[in-house]
Amino acid sequence: IYTVSKNPVAPVSAVNGTGQDVLPLISKMDGISTSGARWTWNSLTLNLGNLTGAKEIKLVVGAAIVWPTTQAGGSNFLKYASQPGVTPSPPPYMEVKASNGSWVRVPDDRQFPLPDVTDDVFVVNLTGLFPTNDYELRINTYQDIRFDYIGVDTSAQQNITVQTIMPSSADLYQGFTSTSNSSGAFT
């Protein structure tokens, strides 16, 4: 659980994989997002500014993933996923700049999470990931992830209180009609 300030700052720049400046699209949470392509690698390169001396670096992200809803989308995925050695729908990953200027992958246990299908706001802890004073970050996604907001927060972690709730029962029911013919005991 991370605490963040109420006013994270926008990155200095944000450029997608085609070279388009998308900073205006991610500078405020307004429902206007970047677009991505599914089943192909997309990238978003962020310059987070001069963060020298920051004890903590956190990315506040508003994003959603869009899954295909047509048979064509599923066919394209199956064609890709059936290739030898391919990880179907590989997860997003981040890279930072090494001292020689090359991009290096962030350790797997610190990688970028997969957003929800609804607008999701989450925090990515970047503290200690930059090997130099070059605070550029590249987020690589294979899915159609749409970024509505990205802010940078360097505020210190605040004390938090965690409350545990122990429900004694739960009622599970079909929340919507589905054409799925799945069966079994799962939620």
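The coordinates are above.
What counts and what doesn't
Residues numbered from 1 in each chain as written. Predicted model: local features only at pLDDT ≥ 70, side-chain atom pairs only at ≥ 80, totals over all residues. Heavy atoms only, no water. Salt bridge = Lys/Arg side-chain N within 4 Å of Asp/Glu carboxyl O. Helix = DSSP H or I, 4+ residues; strand = E, 2+ residues; numbered from the N terminus. Buried < 20%, exposed > 50% of the residue type's maximum accessible area, 1.4 Å probe, protein only. Pairing = 2+ DSSP bridges. Axes fitted to C-alpha atoms, helices over the stretch in contact; angles between N-to-C directions. Phe/Tyr/Trp six-rings, centres within 6.5 Å; stacked < 30°, edge-to-face > 60°. Lys NZ or Arg CZ within 6 Å of the ring centre and 35° of its normal. Lys, Arg positive; Asp, Glu negative; His and termini not counted. Polar contact = N/O pair within 3.5 Å; in protein donor to acceptor, adjacent residues only side chain to side chain. Contact = heavy atoms within 4.5 Å.

With that settled, consider the pattern of salt bridges. One pass over the full model with this rule turns up six salt bridges. Residue Lys58 is joined to Asp153 by a salt bridge in which the shortest nitrogen-to-oxygen separation is 3.4 Å. Placement of Lys58 in strand 3 (residues 58-66) and of Asp153 in strand 8 (residues 144-153) is noted, with a sequence separation of 95 residues between them. Since its relative accessible area comes to 2%, Asp153 is described here as buried. A salt bridge links Asp144 to Arg146, with the shortest nitrogen-to-oxygen separation between them at 2.8 Å. Taking relative accessible area as the criterion, Arg146 reaches 32% and is therefore assigned partly exposed. One salt-bridge network, held together by shared partners, links Glu56, Lys58 and Asp153.

Let's shift gears to the sheet that holds strand 7 (residues 136-141). Taken together, the five strands give an open sheet; going across it, the order is 1-2-7-4-5, and neighbouring strands pair in antiparallel fashion. The sheet is open, and its two borders are formed by strand 1 (13-16) and strand 5 (103-105), each paired with just one other strand. Between one strand axis and the next, the sheet turns through 25° on average, direction left out of account. The pairing of strand 1 with strand 2 (residues 42-47) spans four bridges and is classified as antiparallel. Looking at the pairing, Ala14 lines up with Leu46 of strand 2.

Okay, the packing of aromatic side chains next. Geometry of an aromatic ring pair is reported as the spacing of the ring centres plus the angle between the planes. A full pass over the atoms with the stated rule returns five aromatic pairs. Their ring planes at 75° and their centres at 5.7 Å tell us that Phe112 and Phe122 sit as a pair that is edge-to-face. Linking Phe112 in the loop between strand 5 and strand 6 (120-125) with Phe122 in strand 6, this pair joins segments that are 10 residues apart in sequence. There is no split in this pair, since Phe112 and Phe122 are both buried. Taken together through their ring pairs, the aromatic side chains of Trp41, Tyr93 and Tyr142 make up a single cluster. For the cation-ring pair, Lys97 lies above Trp103, with the distance from its terminal atom to the ring centre recorded as 5.0 Å. For Arg105, the ring lying beneath its charged end belongs to Tyr93, and the centroid distance is 4.2 Å.

The next point concerns the side chain of Asp148. Here Asp148 shows up in strand 8. Lys28 provides the closest opposite charge to the buried, unpaired Asp148, separated from it by 9.4 Å. Within the structure, the side chain of Asp148 is placed 3.4 Å from the backbone nitrogen of Ile32, a separation counted as a polar contact. Among residues more than four places away in sequence, those in contact with Asp148 are Leu25, Ile26, Lys28, Met29, Asp30, Gly31, Ile32, Ser33, Gly62 and Ala63.

This part covers the sheet that holds strand 8. Taken together, the three strands give an open sheet; going across it, the order is 6-3-8, and neighbouring strands pair in antiparallel fashion. Where the open sheet ends on each side, the last strands, each with one partner, are strand 6 and strand 8. Taken pair by pair, the neighbouring strands of this sheet meet at an average axis angle of 30°, ignoring direction. Where strand 3 meets strand 6, six bridges bridge the pair, whose relative direction is antiparallel. What sits directly across from Val60, in strand 6, is Val123.

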